[in-house]
Amino acid sequence: MKMQTSKYMLGTASVLALLASSTITPANAQASTATAGIYAGGSTLASEAFRQIFDCYMGGIVGSGTTYPDGFAFNAGFPAPGKLPTTCTLVSLPVQGMYAGVGSGNGVRGFITNNPQQWYNGTVTPNASANILINTPLPANQPAMIDLANPRSPATKFGSYPYPRVDIGLSDSPLGSTLAALTTSSVSFNPTQSWTTTGGALTQITLNSTSTASVAYSTTAFGNPIQIPAFEVNVAIGVNTSSMTVYSAVAGTGATPGTQANQGAAIQLSTAQMCAIFTGLVTDWNDITIGKIPYLNNTGGQVLAAFDYTNIDNTGTAQRYSSSSLPIKVVYRGDGSGTSFILTNYLKTVCPLLDSTGAFGYQSIFNTTTLPSTSFANLIARVAAVRGAGGWNNTTATNAWISAQGSGGVASAISTDSSKAGRIGYVSADFTQPYTSTVAGVTAPQSAALQNEQLRGAATYVPSHGVAPATQPASLTFIAPTPDGAAAAWGDTRLKTPSTTWTWNDYNIYANVFGTVTQSGVTVTGLPVLPLTNKLNAYPLSGTTFLDLYSCYNVQADANRVTNLVNFLTTYVAGADSTDPNFDPDVSAVIENAGFHAVPASYAKNIKSQYWGTRTTAIAAAAATQANGCLNVANGASGGAK
């Protein structure tokens, strides 16, 4: 990105030195030449987007031409899947961001423990009786977690994994609301480093037999925690409709991701259908049982319908999605996932409202403190418990559901391949069409457009439809997972206004709840705002990815660590505020090309005021004389996050 200067960034001498060492690069620049690093890990929802953001910031591509390729390229055809703006390469900064997609749960685990070995992929459980060999739990290979094209010396800088330190943890689910709640498990491995290097990856490593340790976040070591939203995200509902008859699909002719003409919406699903699918009430796409599922009309009255009630043909008649049995197979995240948190938060909020008497099991399934959760297994347990009794006669509703690791695993398990017809799952928008074309070597899935509360209030219960599947309409009725859809949801005025008195917990967008409110005949008092927003064109499965940061960083091994980190964050956050002197339009352009949207400018202004300023929560480097975020941190110059 273009070089920026402000009082919050490098001093004049440092700027001149950086400019002198920078390389002006051509528009087709690919390989990174960076010398300094920022190390981040966690959310796979945000992984593709942050790989692109880091590439644009340094004006280079990680892993170009190696066995761990980045997969992106600076191209004049931007915006389009896999392409980055050529303007990113005007100045090549010697600072490279490294990103490990290990899931939100492990992202938080590494952050709380300040231990990069906790950024492992999947779930591991020690065997108390003996050390055991496990397959090396490397992060998902999309995006690349190391840079073999620019490993630097020593190779632990960019060419090996685990990373040498933790700078930023990323999670789509929030940190605990109190310091006492900021605890996590920690496991140990042998070796602790070099699971993969320039020489290749280890097939197996040893998981030590010590029992899982409980570790608490230490304010005396790291200062107060910082949790800020990175961007507004959409959780897309990926669907494989390859052998289905869908009258509400929108093919479109547009070439630009996120445009109305090409949303990637292969199907349009109502709130009622979402609840029926993800609670196991309906398990087959050809189900046309009359009165099978409930929905609400615009006055809050319950209406019963067949599952196919939104699949209207040109005569106005509902048609089953499949002429023969086609099981609905939900593909879900088997690892700790903030995407699971966003989905289960949505379901827990909206589904019980459709089932005031409990006749359809929604009240029983979601009447639990175990949801919302980063573990989708908690929802499966509730569905299994409830669907085993009552009038459903269905004790195996979730048996056909499929577990996958990471966003890439879910997307590739759905795909568009005919052998996987009928599969449905949840994944970040950037792992679906039109924001990407392939995932893990297969065609990326298309997504669904969803009904929101504004549409219900307007008495829009079924989507628009074409005269035949081959001639689809160019416009949607329901809302697709687009950048504008997320921005509309975040524009709900019933969300809290940022304040410089906020703590990390105040930035938890999911904790924004309604006061005493009734909308379109439904009492929503105390419920989360985002899933029930009635803003026009708001996508109801919106949320955020949080950047989890320390307020005190150790700089003994890298004197420029805090300078590099704050400079990146300054430029990145300013990308949401066109009035900021550090504003770079490439930031929001890259974010939107991934299907997301920058946070509101009010958030950007507040974050800058809180954390790049002089308050005691501001990010700082440990020093003999402590200041800002390092106040009360132990050990003076040797304190701070390692």
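Conventions and cut-offs
Residues numbered from 1 in each chain as written. Predicted model: local features only at pLDDT ≥ 70, side-chain atom pairs only at ≥ 80, totals over all residues. Heavy atoms only, no water. 1 Å grid on protein atoms, 1.4 Å probe; cavity = no way out; pocket = protein on both sides within 12 Å on 5 of 7 lines; lining within 4 Å. Points joined across faces, edges and corners; volume = space filled by probe spheres on them. Nonpolar A, V, L, I, M, F, W, Y, C, P; charged D, E, K, R; others polar. Helix = DSSP H or I, 4+ residues; strand = E, 2+ residues; numbered from the N terminus. Salt bridge = Lys/Arg side-chain N within 4 Å of Asp/Glu carboxyl O. Expected span 1.5 Å × (residues − 1). Buried < 20%, exposed > 50% of the residue type's maximum accessible area, 1.4 Å probe, protein only. Polar contact = N/O pair within 3.5 Å; in protein donor to acceptor, adjacent residues only side chain to side chain. Axes fitted to C-alpha atoms, helices over the stretch in contact; angles between N-to-C directions. Parallel < 35°, antiparallel > 145°, perpendicular 65-115°, else oblique. Contact = heavy atoms within 4.5 Å. Phe/Tyr/Trp six-rings, centres within 6.5 Å; stacked < 30°, edge-to-face > 60°. Left-handed = near helix turned anticlockwise from the far one by under 90°.

## Some words on empty space enclosed by the protein
Then, number 1: In this structure the tally under the stated criterion is 4 cavities of 30 Å³ or more.
Then, number 2: By volume, the largest cavity amounts to about 130 Å³.
Then, number 3: Lining the largest cavity are 15 residues, and of these T271, L354, Q451, E453 and R456 lie nearest its centre.
Then, number 4: Taken together, the residues that form the lining of the largest cavity break down as 10 nonpolar, 3 polar and 2 charged.
Then, number 5: There is about 70 Å³ of room inside the second largest cavity.
Then, number 6: P229, A230, Y572, V573, G575, A576, V587, I591, A598, V599, A604 and I607 together form the lining of the second largest cavity.
Then, number 7: Of all elements in the fold, only strand 13 (225-239), helix 12 (561-574), helix 13 (585-593) and helix 14 (601-611) reach the threshold of two or more residues within the lining of the second largest cavity.
Then, number 8: The residue inventory of the lining of the second largest cavity, partitioned by class, reads 11 nonpolar, 1 polar and no charged.

## Structural notes on the pattern of salt bridges
Then, number 1: Tallied over the entire structure, the rule returns 12 salt bridges.
Then, number 2: Between D167 and R165 there is a salt bridge, and its shortest N-O distance comes to 3.0 Å.
Then, number 3: One salt-bridge network, in which partners are shared between bridges, spans R165, D167, D558 and R561.

## Here's the deal with helix 6 (residues 338-350)
Then, number 1: Over its 13 residues, helix 6 runs 18 Å from end to end, which matches the ideal 18 Å to within 8%, given 1.5 Å per residue.
Then, number 2: Of all 13 residues making up helix 6, 12 are buried, and the element is well covered by its neighbours.
Then, number 3: Measuring from the side-chain oxygen of the N-cap residue of helix 6 to the backbone nitrogen of T339 gives 3.0 Å; that N-cap residue is S337.

## A closer look at the packing of helix 2 (residues 47-58) against helix 12
Then, number 1: At a minimum axis separation of 12 Å, helix 2 and helix 12 run at an interaxial angle of 105°. Comparing the axis directions of helix 2 and helix 12 gives the class roughly perpendicular. Taking contact as the criterion, the partners of F50, I53, F54 and Y57 in helix 2 are, on helix 12, N567, F568, T571 and Y572.

## What to know about the packing of aromatic side chains
Then, number 1: Following the criterion strictly, the structure yields 34 aromatic pairs and no others.
Then, number 2: With a centroid separation of 5.9 Å and an interplanar angle of 15°, the aromatic rings of F568 and Y572 are classed as stacked. Of the two residues, F568 and Y572 both sit in helix 12, 4 residues apart, roughly one turn of that helix.
Then, number 3: On the basis of relative accessible area, Y572 is assigned to the buried category, the value being 5%.

## Here's the deal with the packing of helix 5 (residues 271-278) against helix 6
Then, number 1: The interhelical angle for the contact between helix 5 and helix 6, taken along N-to-C directions, is 115°, at an axis separation of 11 Å. Judged by the angle between their axes, helix 5 and helix 6 are roughly perpendicular. Both helix 5 and helix 6 take part in a crossing whose hand is left-handed. For the pair formed by helix 5 and helix 6, the contact residues are T271, M274, C275 and F278 on the first element and L343, Y346, L347 and V350 on the second.
Then, number 2: Of the residues belonging to the contact of helix 5 with helix 6, the class tally is 7 nonpolar, 1 polar and no charged.

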